[in-house]
Amino acid sequence: MNNKKIYFRFVEDEDLDDFYRWRNDEVTRKFSFNTEEIPFKDHIKWFKASIINPKRTIFMAINEKREKVGQIRFDRDGNGAEIDINIGSDCRGQGYGTKTIIKGCRIYFNNFEVDYFIAKVKKDNLASRRVFEKAGFKKYSEQSNYLEFRLYKNEKS
């Protein structure tokens, strides 16, 4: 893995446009469970509800140049949290995905009461599968259109 640094901060209102752009990116849509382009008004509603949702935590990933590279989201449910990650198109393939998952999971495990993370990845999304596996996630189950990966607290990277 490269020597690039990754930092986190909580998502803020100023990140609305970045999230919209990243979510509607062609590659992101191709590998999302909802492949449709999201209208801006719908995105605004989702974003505003997300940043006040007590069961949802979203971090902005920032590189050593203080540039936004992507986001990582955790949705708590009982003893687990489902994880979602999106790296901006101009930052993909540079190791930010793996670093974001590893560091994000470590921070989350240290600050929230969860025992494991769940990542749902479409079967044809080979890049995401590799990134989660590099971050220590193991295949847990296979559904018709996606694989579920898990990372348990006692196995953390």
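As the structure is a prediction and not an experimental result, all values here were calculated from the model. (Residues numbered from 1 in each chain as written. Predicted model: local features only at pLDDT ≥ 70, side-chain atom pairs only at ≥ 80, totals over all residues. Heavy atoms only, no water.)

On to the nonpolar core. Grouped together as the largest cluster of nonpolar side chains are 27 residues, with contacts concentrated most on Phe-74, Ile-83, Ile-101, Cys-105, Phe-117, Phe-132 and Phe-137. Only β1 (6-10), β2 (56-63), β3 (68-77), β4 (80-87), α4 (96-111), β5 (116-122) and β7 (146-152) provide two or more residues apiece to this core. When residues of this core are assigned to their parent elements, the largest contribution, six residues, is made by α4. Contacts of Phe-117, omitting those with residues within four sequence positions, involve Phe-74, Ala-81, Cys-105, Tyr-108, Phe-109, Phe-137, Phe-149, Arg-150 and Leu-151. Ranked by size, the runner-up nonpolar core spans eight residues in total, among them Val-11, Leu-16, Trp-22 and Met-60. (Core = buried A, V, L, I, M, F, W, Y, C linked by side-chain atoms within 4.5 Å. Buried < 20%, exposed > 50% of the residue type's maximum accessible area, 1.4 Å probe, protein only. Helix = DSSP H or I, 4+ residues; strand = E, 2+ residues; numbered from the N terminus. Contact = heavy atoms within 4.5 Å.)

Counting buried positions over the seven residues of β5 gives six, a clear majority of the element. In the sheet, β4 pairs with β5 via three bridges, with the strands oriented parallel. Directly across from Gly-80, in β5, lies its bridge partner Tyr-116. In terms of handedness, the path from β4 via α4 over to β5 forms a crossover that is right-handed. Where β5 lies against β7, seven bridges are found, and the strand directions are antiparallel. The residue bridging Val-121 from the neighbouring strand is Leu-147, located in β7. (Pairing = 2+ DSSP bridges. Right-handed = clockwise from strand over helix to strand, strands pointing away.)

In space, the seven strands of this open sheet follow the order β1-β2-β3-β4-β5-β7-β6, with mixed pairing throughout. The open sheet has two edge strands with one neighbour each: β1 and β6 (138-142). Taken over all neighbouring pairs, the strand axes of this sheet differ in orientation by 30° on average, direction set aside. Along the sheet face, helix α5 (residues 126-134) touches β4, β5 and β7 and points at about 160° away from the line of β5. (Axes fitted to C-alpha atoms, helices over the stretch in contact; angles between N-to-C directions.)

Closest axis-to-axis distance for the α4/α5 pair is 9 Å, and the angle between their directions is 45°. If you check the angle between α4 and α5, you find them oblique. For the pair α4 and α5, the sense of crossing is right-handed. Seen from α4, the contacting residues are Gly-97, Thr-98, Ile-101 and Ile-102; seen from α5, they are Val-131, Phe-132 and Lys-134. (Parallel < 35°, antiparallel > 145°, perpendicular 65-115°, else oblique. Left-handed = near helix turned anticlockwise from the far one by under 90°.)

This is a description of form; function is not addressed.
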